[in-house]
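Chain residues, written in single-letter form:
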Amino acid sequence: MYEQKLVLAGLVADRLGLESEAVWSAIEYPPDPKLGDLALPCFRFAKALRKPPQAIAADAAEALRCSGAFANVEVAGGYVNVTLRRGAVAAEVIGQAQRDVTGLFSRRRHTGRRAAVDYSSPNIAKPFGVGHLRSTMIGQSICRLLAEDGYEVIGINHLGDWGTQFGKNIVAYLKWGDEETVRRDPVKELFRLYVRFHEEAKEHPELEDEARAWFKRLEDGDEEATRLWKWFISESLKAFEQTYRRLGVRFDHYLGESFYNDKMDAVVDELRQRGLLAQSEGAEVVDLSAYNMPPCIIRKSDGATIYATRDLAAALYRHDVLGATDLIYVVGAEQKLHFAQVFKVLELMGRGWARHCHHVAFGMMKYNGERLSTRRGKVVYLEEVLERAVEEARAIIEEKNPGLEDKDRVAEAVGIGAVVFNDLKNNRLHDVDFRWEDVLNFDGETGPYAQYTHARACSVLRRAEAEGLSAAAPPVLADDLLAQSEWLLVHQLAQSNECLERAVDGFDPSVIARHVLDVCHAFNRFYHDAPILGAEGDVRRFRLALTDATRRVLAHGLYLLGLEAPEAM
RNA sequence: GCGCCCGUAGCUCAGUUGGAUAGAGUGCUUGACUACGAAUCAAGAGGUCGGGAGUUCGAAUCUCUCCGGGCGCACCA
């Protein structure tokens, strides 16, 4: 649709003496396809041109008609409604999808930029709950979206691998744990020990002192403490990586908080040199009152650094060492103020690139309306959610398609697809209340629906191939040979690039999820409305090519969301 | 108290950045498989876009105000 809009904008801009960009951004889609395929409301030009909108619309329509570029141009009130040469446009859109789906989605606007995306970032020795799915899958999808639009992407897992909690882990392990049990199920066992620590500490507060002492030893490089700490990390990572593999998630770097331990002094020194550091209530802070924010604490009153210091060091590392031009943080909305402070301090440190730092916030995951809290042991394990969803998928396959090959692999793809899609389809910022019924629902606006539609298209194409029919390059049909449902599908496919742009600009995978659903709906409607294999000649060739284009767009859209697209299910 | 986010159908949510008659899914009622896959499609009922005021040709969208919910507001991350 991009080409068509360019042509329209250019013609109208020339005639009216406006900027092409201004016309372009005014173009929209009519509410009813009977009105046309593109619409240009002329109200906003009235003031500048000092003419009534109707006259402007008439003038613009005249220019469009003369050009002969469109099938039909009508004026309705202050609107110009344009009907495209549908046969030609359809062939072009389908051809594009078949040659290179990526090209249908993206104009690669950001080549030459490198984005460091910080996502997932679970805490070591704590369970991977459903809540972590948000950062993980939103982050993963954003990585793919940015790469699609030309960015070079670096995915970073900023593991929570440092802090006083490790003193607690060590104490609890030495008192109540054993190597064998930890090895068997590291995360669950370490977490069990951690929860027990908190329970026992209520009765025996001296445990807290012991934990602090052990963390101090860790900071001082004590051999025993370091050994245990490293062991906890490697065991936890094994478990996390298993989950990441199931989800199809991968990182370029695992750079945990501890990685920046030796990089924070430089930050503090620079802040001091620049005169940004102030004493306040015994702590060293950057005063941000001029920006209507509380001070950013750099050093606590006991001299220790804090997470803002660490995030500053991490940002500098990502920019200076990793060469990132854009820093993306996929972290919960509750940390909004923290990131606003960190970005502001970077700016005050003279880092102009601070304006390319983005906190991609998302709402909280709740369960029965309550906040999930690992500390209080309130967790829904992600592995359990995935397992139940996969079981559900397997049961449905047994019922509907017992002869399917590769049942296990497909059940895995569909079950996990349901969970992931459910998390990506809505506005990031909404809090979500986790409900089993939502996750285990495979009908309607769901991942399995999208996967099913894809498999259905594949199925038609398989049959076509078996009959020796080609789905390659579509013929150009006469406009009136195109059924309404066919055109609506083409029109939907053609909007892929604007969806990608909106998704990238807003760091919002849900735009793609919605688009995938819209394509599915349009395809299924077309599928019911028009026989594909039962048609003949050019019409059949066209419909097969359209089916093939749809299949490609769906597979790619699902990829951008991090879902698999099985060819049968 | 201050700041940010959210409020649209019974429920979960879209709404192309101020445009035409506010749309999906789900649930409910109903129709379509001897049919290229029914994990599908179609039809119906269901709305004071939280309330009120303002801005203008035009507001779910922008401004103000009130109500309701969430999150944050210095030594946890």
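Residues numbered from 1 in each chain as written. Chains lettered and ligands numbered in written order. Predicted model: local features only at pLDDT ≥ 70, side-chain atom pairs only at ≥ 80, totals over all residues. Heavy atoms only, no water.

1. Examining the pattern of salt bridges
The following threshold applies: For this document, the term salt bridge refers to a Lys or Arg side-chain nitrogen within 4 Å of an Asp or Glu carboxyl oxygen. Secondary structure elements are defined from DSSP: runs of H or I of at least 4 residues count as helices, runs of E of at least 2 residues count as strands, and each element is numbered from the N terminus. Each residue gets one of three labels from its accessible area relative to the maximum for its type: buried under 20%, exposed over 50%, partly exposed in between, using a 1.4 Å probe on protein chains only.
The final tally for this structure, using the stated rule, is 42 salt bridges. The partner of Arg 114 in a salt bridge is Glu 152, and the shortest N-O contact between them spans 3.3 Å. Separated by 38 residues along the polypeptide, Arg 114 in strand β4 (residues 114–118) and Glu 152 in strand β5 (residues 152–157) bring together distant segments of the chain. You can call Arg 114 partly exposed: its relative accessible area is 27%. Here the salt bridges do not stand alone but share partners, grouping Glu 179, Arg 183, Glu 235 and Lys 238 into one network.

2. Re the sheet that holds strand β3 (residues 79–83)
For clarity, the cut-off: Between any two strands, at least two bridges found by DSSP are needed for them to pair. As a rule, the C-alpha atoms of each element are fitted with a line to give its axis, helices using only the stretch in contact, and angles between N-to-C directions run from 0 to 180 degrees.
Sheet architecture is open: 3 strands sit in the order β1-β3-β2, paired in antiparallel fashion. The two strands at the open ends of the sheet, each matched to only one other strand, are β1 (38–41) and β2 (72–76). Along the sheet, successive strands turn relative to each other by an average axial angle of 20°, direction set aside. When β2 meets β3, the two strands line up antiparallel, connected through 5 bridges. What sits directly across from Val 75, in β3, is Val 80.

3. Points about the protein's contact with RNA strand B
Operational definition: Whether a residue is near a molecule or strand is decided by its heavy atoms; if any one of them lies within 4 Å of it, the residue is near. As used in this structure description, the phrase polar contact means that two N or O atoms lie within 3.5 Å; if the pair is within protein, one of them must be able to donate a hydrogen and the other to accept it, and residues adjacent in sequence are counted only when both atoms belong to side chains. For this classification, Asp, Glu, Lys and Arg are treated as charged, while Ala, Val, Leu, Ile, Met, Phe, Trp, Tyr, Cys and Pro are nonpolar and the rest, including Gly, are polar.
The environment of RNA strand B is formed by 61 residues, the closest being Tyr 79, Ile 297, Lys 300, Lys 400 and Arg 456. Within 4 Å of the protein, atoms of RNA strand B come from sugar and phosphate in 59% of cases. In the model, a sugar or linking oxygen of RNA strand B is placed 2.8 Å from a nitrogen or oxygen of the Asp 431 side chain. The backbone of Ile 532 places a nitrogen or oxygen atom 3.0 Å from a base nitrogen of RNA strand B. For the surface near RNA strand B, the secondary-structure elements that each account for two or more residues are β3, β8 (283–286), α15 (336–348), α16 (382–400), α19 (447–466) and α22 (510–529). For the surface near RNA strand B, the element with the highest residue contribution is α19, accounting for 8 residues. Of the residues assigned to the surface near RNA strand B, the class counts are 30 nonpolar, 13 polar and 18 charged.

4. So, the packing of helix α21 (residues 496–505) against α22
This is how it is decided: Any angle between 65 and 115 degrees counts as roughly perpendicular, while under 35 counts as roughly parallel, over 145 as roughly antiparallel, and the rest as oblique. Two residues qualify as a contact provided that any one of their heavy atoms is within 4.5 Å of a heavy atom in the partner residue.
At a minimum axis distance of 8 Å, the contact between α21 and α22 shows a crossing angle of 155°. It follows from the interaxial angle that α21 and α22 lie roughly antiparallel. Each of Ser 496, Cys 499, Leu 500, Arg 502 and Ala 503 in α21 lies in contact with α22, whose residues at this interface are Val 511, Ile 512 and His 515.

5. Overview of the environment of Trp 229
Mapped onto the fold, Trp 229 is located in helix α12 (residues 223–247). Residue classification places Trp 229 among the buried residues on the basis of a relative accessible area of 12%. Not counting residues up to four positions away in its chain, the partners in contact with Trp 229 are Asp 161, Trp 162, Phe 166, Leu 218 and Ser 258.

6. Focus: the confidence of the model for chain A
Let me state the cut-off plainly: Confidence of the prediction at every residue is given by pLDDT, a number between 0 and 100.
Mean pLDDT over chain A works out to 94, with 99% of the residues at or above the 70 mark. Under the prediction, the complex receives an ipTM of 0.96, its pTM being 0.95.

7. What about the sheet that holds strand β9 (residues 296–299)?
Here 3 strands make up an open sheet; going across it, the order is β7-β8-β9 and the pairing antiparallel. A strand with exactly one partner marks an edge of an open sheet, and here the two such strands are β7 (277–280) and β9. Neighbour to neighbour, the strand axes of the sheet diverge by 45° on average, direction disregarded. Both β8 and β9 contribute to a ladder of 3 bridges, which runs antiparallel. The partner of Glu 284 across the bridge, within β9, is Arg 299. Along the sheet face, helix α13 (residues 264–273) touches β7, β8 and β9 and points at about 115° away from the line of β9.

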